[in-house]
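Residue-level structural notes
This is what each chain is made of:
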Amino acid sequence: MNLILFGLLNIVGILLMLVIGAALLTWIERRLLGFWQDRRGPNRVGPFGSLQVVADMIKILFKQDWIPPFADPVVFVLAPAVVMVAALLAFAVVPVTPSIGIAGNLNIGILFFLAMTSLSVYSVVLAGWASNNKYSLLGGMRAAAQMVSYEVFMGLALIGVVMLTGSFSLADIVRAQQELWFVVPQFLGFIVFMIAGIAETHRLPFDLPEGENELGAGFHTEYSSMKFGMFFVGEYIGIILVSAMIVILFFGGWQGPLLPPILWFAIKTGAFVGFFILLRAALPRPRYDQLMAYGWKLMLPLSLLNIAVTGAVMLTH
Amino acid sequence: MNATFYLSAAIAVLSTVLVITRANGVHALLYLVVSLLAVALVFFTLGAPFAAALEVIVYAGAIMVLFVFVVMMMNLGDAAAVREARWMEPKIWVGPSILAILLTAQLAYMLDSNTMSQPHHAIVPARAVGIAMYGPYLLCVELASMLLLAALVGAYRLAHTEHGRL
């Protein structure tokens with residue numbers, strides 16, 4: 001009985017932390033962007049502007065929920081749900097600490113994460129198609145090509161970590177980093193994974209599916225109210241997910257001296273979320289052909305090289 | 001485990017039927033995605049988590065995205081759905097129905113005579129799959145990789161025409 005209660009507490013706790021964290025990130029991101037761009041950001045509502053989240057929520061929930069008459073209504077409603085569901089499901093395999101986490105010991109943990117990220121492509125693609133709008137369609141097609149390409153390097157970048165650990169389970173991977181974080185032997189894998197992670201969550205500089213100076217708002221041009229909000233929250237949950245995965249795979253997960261494991265996990269993940277936001281403030285957006293060429297001509301050879309070198313080193317030892 | 005097996009199997013069959021009967025291309029493809037996800041769950045309940053994960057990553061997550069991509073690019077619209085619906089006349093169903101009934105009869109006979117082994121619930125880990133692939137089935141892996149390389153070269157050749165060389 002206690003076990004079931006603990007399991008339920010785990011699930012509800014992680015779900016709440018994620019949704020609240022994603023909502024808070026909308027404010028944190030704007031404050032940090034303001035800081036890095038020498039302006040103030042939202043600082044009026046509540047202490048340091050922290051109640052801006054509440055104001056935004058009230059506004060977005062009470063906006064008119066509009067489905068364009070030319071859209072495909074069922075797919076149009078389904079699309080924003082897919083991104084939330086896929087991102088939240090992927091968190092099922094994230095081991096926050098040895099005891100907190102829903103299925104951190106799942107023997108196909110990494111593969112489950114890859115499966116869920118590959119399913120999240122559908123939300124953007126279907127949103128673009130169902131909107132029946134040329135800008136949306138172009139955004140959806142860009143997203144499909146970009147995310148399917150970068151998924152390949154994302155998967156290949158993880159192989160080095162899996163080879164060193166000998167397991168697909170994320171909890172095993174964290175335990176294998178007791179002496180040395182994998183970022184040292186797998187530095188190339190870490191770089192490739194992080195860049196692929198940015199492309200997967202279609203964040204700046206890789207946000208071409210919603211490039212506003214050429215496509216309106218891209219795939220979510222026709223979305224309003226909470227459906228738009230779900231794309232937004234889904235994107236932030238995606239950022240948290242990729243940051244958490246970087247921490248687990250390359251930075252020793254919950255491990256660290258003095259502080260309790262959950263704090264270490266939160267600090268490390270928060271640092272990478274902040275880095276994601278810094279990238280948005282610092283880097284310009286590439287052209288679309290540059291993005292694809294960069295992926296296939298640089299990232300793919302690099303990730304294959306990483307696998308070959310890791311294999312060679314492991315064989316000689 | 002049995003209940004999840006039968007539920008996902010039923011969803012797989014139902015969504016596959018809907019793939020055939022939908023006139024709208026994208027809707028049919030979405031049902032195909034659901035069907036593939038249900039089959040992945042069937043694999044999982046039968047004790048093959050590795051195959052289940054690959055089913056989702058490769059089929060539902062990559063190949064079907066490309067299918068949807070192509071259908072989106074053609075931007076068929078309502079006219080195509082109407083034409084598609086017209087093709088679904090009763091006469092069309094005769095041939096496939098006969099074949100399907102034959103297969104169903106075969107399946108019923110096999111179930112009745114109990115020649116099928118019961119599904120054993122030993123879990124196949126990823127390591128065992130890898131050892132099998134690079135042990136007894138090495139030749140098949142090599143052949144498949146050659147086939148994929150040929151497809152890659154062919155696709156490169158087909159796409160590479162803009163410099164006046166055909």
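Residues numbered from 1 in each chain as written. Chains lettered and ligands numbered in written order. Predicted model: local features only at pLDDT ≥ 70, side-chain atom pairs only at ≥ 80, totals over all residues. Heavy atoms only, no water.

Considering the overall build of chain B
A tally of helices and strands in chain B yields 7 helices and 0 strands. In chain B, the succession of helices and strands from N to C terminus is α-α-α-α-α-α-α. Radius of gyration (C-alpha) of chain B: 20 Å, far over the 15 Å computed for a compact globule of 166 residues. Principal-axis analysis of the C-alpha atoms places the extent of chain B at approximately 60 × 45 × 25 Å. Counting every position in chain B, which comprises 166 residues, the buried fraction comes to 21%. Across chain B, the fraction of contacts at a sequence separation of at least 24, relative to all contacts at a separation of at least 6, is 60%. (Helix = DSSP H or I, 4+ residues; strand = E, 2+ residues; numbered from the N terminus. Rg over C-alpha atoms; globule rule 2.2 N^0.38 Å. Buried < 20%, exposed > 50% of the residue type's maximum accessible area, 1.4 Å probe, protein only. Contact = heavy atoms within 4.5 Å.)

A closer look at unusual backbone geometry
With the exception of glycine, most residues fall at negative phi, and the peptide bonds are largely trans. Residues other than glycine seldom take positive phi values, yet A:S225 does so here, at roughly 55 degrees. The buried category is assigned to A:S225, whose relative accessible area is 5%.

Focus on the confidence of the model for chain B
Residues and elements named next belong to chain B. In the predicted model, chain B carries a mean pLDDT of 84, and the fraction of residues at 70 or more is 91%. No element of chain B has a lower mean pLDDT than helix α4 (residues 77-87), which averages 78, and none a higher one than helix α7 (residues 138-159), which averages 92. Overall fold confidence for the complex sits at a pTM of 0.88, while the interface term, ipTM, reaches 0.85. (pLDDT = per-residue confidence, 0-100.)

Some remarks on the side chain of A:Q186
Residues and elements named next belong to chain A. Residue placement: Q186 occurs in the loop between α7 (170-175) and α8 (187-200). A relative accessible area of 1% places Q186 in the buried class. Among all residues touching Q186, those that are not within four sequence positions of it are G160, V161, L164, F250, N306 and T310.

Regarding the environment of A:E151
Position of A:E151 among the secondary structure elements: in helix α6 (residues 134-165). When the C-alpha atoms of A:E151 and A:A55 are compared, they prove to be 36 Å apart, with 96 residues separating the residues in sequence. What A:E151 contacts, discounting residues up to four positions off in sequence, is A:T117, A:S118, A:V121, A:E200 and B:G61.

Structural notes on the UniProt feature "transmembrane region" (unreviewed entry) in chain B
Residue and element names in this part refer to chain B. The positions UniProt marks with the feature "transmembrane region" (unreviewed entry) are residues 6-23, 30-51, 57-80, 92-111 and 131-156. Between the C-alpha atoms that bound residues 30-51 there is a distance of 21 Å. The span itself is 86% helix and 0% strand. Taken as a whole, residues 131-156 contains 85% helix and 0% strand, while its terminal C-alpha atoms sit 33 Å from one another. (UniProt positions renumbered as here; feature names shortened; annotations may be inferred.)

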